[in-house]
Amino acid sequence: MHRIEIVYCTRCRWLLRAAWMAQELLTTFEREIASLSLCPGDGGIFEVRVDGAAVWSRAADGGFPDIAELKRRVRDRVAPGRPLGHLDRSDAGPG
């Protein structure tokens, strides 16, 4: 079982974005996730971490993740090889 953290900037008011992504991850990986935390931060931070390792960083990756890409990155950590259905197709559209 894995622990996921979504660290978001409170000054930028990114709580709703973080909460929506949390909902998507919890729904997709309900059997693999032991906990998912929303962690307030500042300074424009938006990071998603799995077991302490960043899988998405707004600063490093440039902006916010598309939910399909975020799910792929989380899947690669929590359930490698598990298919994500239509999200795994190379021609998959948004979210």
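This report concerns the structure included in the present document. The structure displayed is predicted, hence computed values, not measured ones.

What follows covers the pattern of salt bridges. Applying the stated criterion across every chain, the model contains nine salt bridges. Across the pair Glu5 and Arg49 runs a salt bridge whose closest N-O atoms are separated by 3.8 Å. Taken as a pair, Glu5 in strand β1 (residues 2–9) and Arg49 in strand β3 (residues 46–50) lie far apart in primary sequence, 44 residues in all. For Glu5, a relative accessible area of 28% gives the class partly exposed. Between Asp42 and Arg11 there is a salt bridge whose closest N-O contact spans 3.6 Å. Of this pair, Asp42 sits in the loop between β2 (33–41) and β3 while Arg11 sits in the loop between β1 and α1 (15–28), and the two are 31 residues apart along the sequence. Taking the relative accessible area as the measure of exposure, Asp42 reaches 44% and is therefore partly exposed. On the basis of relative accessible area, Arg11 is assigned to the exposed category, the value being 65%. Several salt bridges share partner residues, and in doing so they unite Asp61, Glu69, Arg72 and Arg73 into one network.

Conventions we followed
Residues numbered from 1 in each chain as written. Predicted model: local features only at pLDDT ≥ 70, side-chain atom pairs only at ≥ 80, totals over all residues. Heavy atoms only, no water. Salt bridge = Lys/Arg side-chain N within 4 Å of Asp/Glu carboxyl O. Helix = DSSP H or I, 4+ residues; strand = E, 2+ residues; numbered from the N terminus. Buried < 20%, exposed > 50% of the residue type's maximum accessible area, 1.4 Å probe, protein only.

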